[in-house]
Amino acid sequence: MQKVFKSCDKLDQKCYESYITEDILMEHAAMGMEKYIRTHFAPGNSVLIVAGPGNNGADGITLARLLYHDYEVKLHLPYGIKSLMPKLQLKRANALGIEETEELEDADVIVDALFGAGLNRLLDDLSIQLIHKMNSFKGHKIACDIPTGVAEDGTLMPLAFNADTTLTMGAYKEALYLDESKDVIGKVERINLGMSSQLYEGESDTFVLEPEDMKLPTRDKEATHKGTFGHAAIFTGEKEGAGIIAGTAATRFGAGLTTLVIHEKIMAPPYLMHATTVPDNASALAIGMGLGGHFEEEFLQKYVINSHLPIVLDADALSSMLLLSIIEQRDREIVLTPHPKEFVLLWMILTGEVLKVSEVQAKRFEMVRMFNHKYPHVTLLLKGANTLIMQEENLYINPLGCTKLSKGGSGDVLSGLIVSLLAQGYPAIDAAIHGSLALAIAAQNYQGASYAMLATDLIDEVAKLELC
Ligand SMILES: NC(=O)C1=CN([C@@H]2O[C@H](COP(=O)(O)OP(=O)(O)OC[C@H]3O[C@@H](n4cnc5c(N)ncnc54)[C@H](OP(=O)(O)O)[C@@H]3O)[C@@H](O)[C@H]2O)[C@@H](O)CC1
Ligand SMILES: Nc1ncnc2c1ncn2[C@@H]1O[C@H](COP(=O)(O)OP(=O)(O)O)[C@@H](O)[C@H]1O
């Protein structure tokens, strides 16, 4: 996993104090972009660099100098230059013979160095025209630091540069991981600014997860029996399919036993047991998926609230005042898995504050942190294109999910994976992280059409993860 920061200001300040000047940082920023371009594009290819008036533009001008002669470099400066660094970089570039181009034409590589961390207001007409044109070009699109149109606080302008690759300077930034940013940032790579990233970055409590972080349930001993791997009890309500999907996922992900807790007899697959109460040896519970108003309050009080078993609360459980009372239980492993609309409901129940889904989406990091401030012991997993997971002080971003997951049933699979890990004895935060990674990577591995994946296909892919 990699550290993530709200902004790089403090990190840059630390560099200046160590005599690593802005000029040195900038040279390395440009060298990082140069290396990327030289690795992926042979000399002779054309590179269009659109550079803005500030230091983001200065990075672009520096890049022009580094590529000039070997590549067909075109440098466009639509706003002229304003501050010291771009002026200095332009002098250096001009001295080598680089001239500005007035024409904006397609090239093999398009570099957006218009505005980066300093974007502080809505894009004006000139920027909008430029971005429309750059987005229409066929060349490989690289954003310098952060695509123009994505502000450092995460605000996404109505229009943004549509990067294939974002080469981000020094450290990963939160703004790159809002759901709305996902379609414009492309692949993200970090560029080191003249020192080890560990020295540059320092401490952070926010991390972006990588595929290598996924840990699968282990079966490395032979002297075991089904009881060794826990017993997941999944409350199965009005939409029994949701419980069956979750139960199948839980069993596939290693739970030794899985029981669907039901009121009325259902047609369950043979590897799932069913019972009208929670089995005595259950080791974790999941409730909410397809639940409806199926179980009476006394039943829930007895088997869910009064139980101290680790628990996943999903879907309908997140709008039940009774079930949400669980989050006050500080001695229990608890995972909440709302999607943004469910988060709105649970936030209203917990705080009385009425939010819109769009507000939650615009400030996902802030909302997750606010929830965590009130309930630090609870693991909150806010679903989305980039899932956020937080417990105690640490926030983890899972950016590995994909649009194949946008289909009813994916969330039921996730609940099943998490309750399976809880039943096998994993702490809540680990169950949420590794369940979420397994879901995302299984979806990536699915080979059918992007629109075709069923929850059962997803579970089949989970079954193959260890072999990949
Ligand atoms: N710090 C470091 O050491 C390092 C920094 N690095 C690089 O610096 C970048 C940050 O540079 P930055 O702070 O100069 O901001 P930047 O993104 O160029 O924008 C500011 C300019 O844009 C203007 N402007 C803003 N919004 C506008 C709008 N909507 N429409 C029109 N104009 C607008 C704004 O105008 P003003 O507000 O002053 O009127 C100002 O002129 C960072 O992303 C990274 O690439 C790397 O080299 C590594 C080392
Ligand atoms: N575009 C996407 N990119 C990444 N993950 C996605 C995307 N769409 C959905 N998901 C994931 O799929 C799951 C959907 O959950 P949910 O909406 O609760 O489904 P369900 O219908 O099973 O209740 C979540 O884990 C969510 O993060």
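Computed from a predicted model, the values in this text were never measured in an experiment. (Residues numbered from 1 in each chain as written. Chains lettered and ligands numbered in written order. Predicted model: local features only at pLDDT ≥ 70, side-chain atom pairs only at ≥ 80, totals over all residues. Heavy atoms only, no water.)

**Q** Would you explain the site of ligand 1 in this entry?
**A** Near ligand 1 there are 24 residues, and of these Tyr-16, Asn-56, Asp-59, Gly-116 and Asp-145 occur at the shortest range. One of the backbone nitrogen or oxygen atoms of Asn-55 is found 2.9 Å away from an oxygen atom of ligand 1. Isolated, ligand 1 exposes 950 Å² of accessible area, and the fraction of that covered by the protein chains is 81%. Elements represented by at least two residues in the shell around ligand 1 include exactly helix H1 (9–17), helix H2 (22–40) and helix H3 (55–67). Looking at the shell around ligand 1 element by element, the count peaks at 4 residues for H2. (Near = heavy atom within 4 Å. Polar contact = N/O pair within 3.5 Å; in protein donor to acceptor, adjacent residues only side chain to side chain. Areas by Shrake-Rupley, 256 points an atom, 1.4 Å probe, with all protein chains shown as cover. Helix = DSSP H or I, 4+ residues; strand = E, 2+ residues; numbered from the N terminus.)

**Q** Help me out: how do you make sense of the domain arrangement of the protein in this one?
**A** One frequent convention defines the size of an interface as the accessible area lost when the parts assemble. Considered domain by domain, the protein is made up of domain 1 (2–203) and domain 2 (212–467). The straight-line distance from the C-alpha centre of domain 1 to that of domain 2 is 40 Å. Between domain 1 and domain 2, the residue contacts involve 8 residues of the former and 11 residues of the latter. Buried surface at the junction of domain 1 and domain 2, summed over both partners, amounts to about 960 Å²; 50% is from carbon and sulfur atoms. The largest per-residue losses of area from domain 1 upon contact with domain 2 belong to Tyr-177, Asp-179 and Lys-182, which jointly make up 57% of the total buried on that side. One can count 11 residue pairs in polar contact (both at pLDDT 80 or more) joining domain 1 with domain 2. (Domains from an automatic or database assignment. Contact = heavy atoms within 4.5 Å. Buried area = accessible area lost by both parts, 1.4 Å probe.)

**Q** Teacher, can you tell me more about the packing of aromatic side chains here?
**A** Aromatic ring pairs: the centre-centre distance and the angle between the two ring planes describe each pair. This structure, assessed with the given rule, holds 8 aromatic pairs. Between Phe-235 and Phe-295, the ring centres sit 5.6 Å apart and the planes meet at 85°, which makes this aromatic pair edge-to-face. Placement of Phe-235 in strand E10 (residues 231–235) and of Phe-295 in the loop between strand E13 (284–287) and helix H9 (297–305) is noted, with a sequence separation of 60 residues between them. Look at Phe-295 and you get buried, because its relative accessible area is 9%. Centre to centre, the rings of Phe-371 and Tyr-375 are 5.2 Å apart; their planes meet at 40°, and the pair counts as tilted. Feature note: the residues Phe-235, Phe-295, Phe-299 and Tyr-303 constitute an aromatic cluster, connected by ring pairs. A cation over an aromatic ring shows up here: Arg-219 above the ring of Phe-229, its NZ or CZ 3.6 Å from the ring centre. (Phe/Tyr/Trp six-rings, centres within 6.5 Å; stacked < 30°, edge-to-face > 60°. Buried < 20%, exposed > 50% of the residue type's maximum accessible area, 1.4 Å probe, protein only. Lys NZ or Arg CZ within 6 Å of the ring centre and 35° of its normal.)

**Q** Looking at this structure, I do not really get the site of ligand 2. What am I missing?
**A** Contacts to ligand 2 come from 17 residues, most closely from Lys-383, Gly-384, Ser-406, Gly-409 and Gly-411. Separating an oxygen atom of ligand 2 from a backbone N or O atom of Gly-384 is a distance of 2.9 Å. At 3.5 Å, a backbone N or O of Leu-405 approaches an oxygen atom of ligand 2. The element contributing the most residues to the shell around ligand 2 is helix H14 (residues 410–423), with 4 residues. Grouping the amino acids of the shell around ligand 2 by side-chain chemistry returns 5 nonpolar, 10 polar and 2 charged. (Nonpolar A, V, L, I, M, F, W, Y, C, P; charged D, E, K, R; others polar.)

**Q** Would you mind showing me how to read the environment of Asn-394 here?
**A** Structurally, Asn-394 is set in strand E18 (residues 394–398). Taking the C-alpha atoms as reference, Asn-394 lies 22 Å from Val-188; in sequence the two are 206 residues apart. With sequence-adjacent residues up to four places away left out, Asn-394 is seen in contact with Asp-205, Phe-207 and Ile-389.

**Q** Please explain the side chain of Thr-248 as it appears in this structure.
**A** Following the sequence through the fold, Thr-248 ends up in helix H8 (residues 240–252). At 2.7 Å, the side chain of Thr-248 forms a polar contact with the backbone oxygen of Ile-244. With sequence-adjacent residues up to four places away left out, Thr-248 is seen in contact with Pro-269, Tyr-271, Leu-272 and Ile-459.

**Q** Can you walk me through H8 in this structure?
**A** Note on helix geometry: an α-helix contains 3.6 residues per turn, so any two residues three or four positions apart are oriented the same way. Helix length check: H8, at 13 residues, gives a terminal C-alpha distance of 18 Å against a target of 18 Å (1.5 Å per residue), a fit within 8%. Listed as buried for H8 are Ala-242, Gly-243, Ile-244, Ala-246, Gly-247, Thr-248, Ala-249 and Ala-250. In this structure, the buried residues of H8 make contact with E10, strand E11 (257–261), H14 and helix H16 (455–463). Positive backbone phi, at 110°, marks Gly-254, one or two positions downstream of H8. (Expected span 1.5 Å × (residues − 1).)

**Q** Before we go on, may I ask you to explain the environment of Leu-260 in this structure?
**A** Relative to the assigned elements, Leu-260 resides in strand E11. For Leu-260, a relative accessible area of 0% puts it in the buried group. C-alpha separation for the pair Leu-260 and Ala-286, spaced 26 residues apart in sequence, amounts to 9.7 Å. Beyond its immediate stretch of four places on either side in the chain, Leu-260 contacts Ile-234, Thr-236, Gly-243, Ile-244, Gly-247, Ile-266, Ala-268, Leu-272, Met-273, His-274 and Ala-275.

**Q** How should I be thinking about the sheet that holds strand E15 (residues 334–336) in this particular structure?
**A** Within a sheet, neighbouring strands are paired by backbone hydrogen bonds and run either parallel or antiparallel to one another. What the 12 strands build is an open sheet, ordered E7-E1-E9-E18-E17-E16-E15-E14-E13-E10-E11-E12; its pairing is mixed. For this open sheet the edge positions go to strand E7 (172–173) and strand E12 (273–275), each flanked by a neighbour on one side alone. With 5 bridges connecting them, E10 and E11 associate as parallel partners. Of the residues in E11, the one forming a bridge with His-231 is Leu-257. Docked against the sheet, helix H15 (residues 428–445) engages E15, strand E16 (379–382), strand E17 (387–391) and E18, running at close to 170° with respect to E17. (Pairing = 2+ DSSP bridges. Axes fitted to C-alpha atoms, helices over the stretch in contact; angles between N-to-C directions.)

**Q** Hey, could you run me through the UniProt feature "binding site: AMP" (unreviewed entry) in the protein in this one?
**A** Residues given the UniProt feature "binding site: AMP" (unreviewed entry) here are Lys-383, Gly-384, Ala-385, Asn-386, Thr-387 and Gly-411. These residues run over 29 residues, yet every pair of their C-alpha atoms falls within 13.9 Å of each other. Looking at the secondary structure, you find Lys-383 in the loop between E16 and E17. The buried category is assigned to Lys-383, whose relative accessible area is 14%. In terms of polar contacts, Lys-383 uses its side chain to reach the backbone carbonyl oxygen of Thr-337, at 3.4 Å. (UniProt positions renumbered as here; feature names shortened; annotations may be inferred.)

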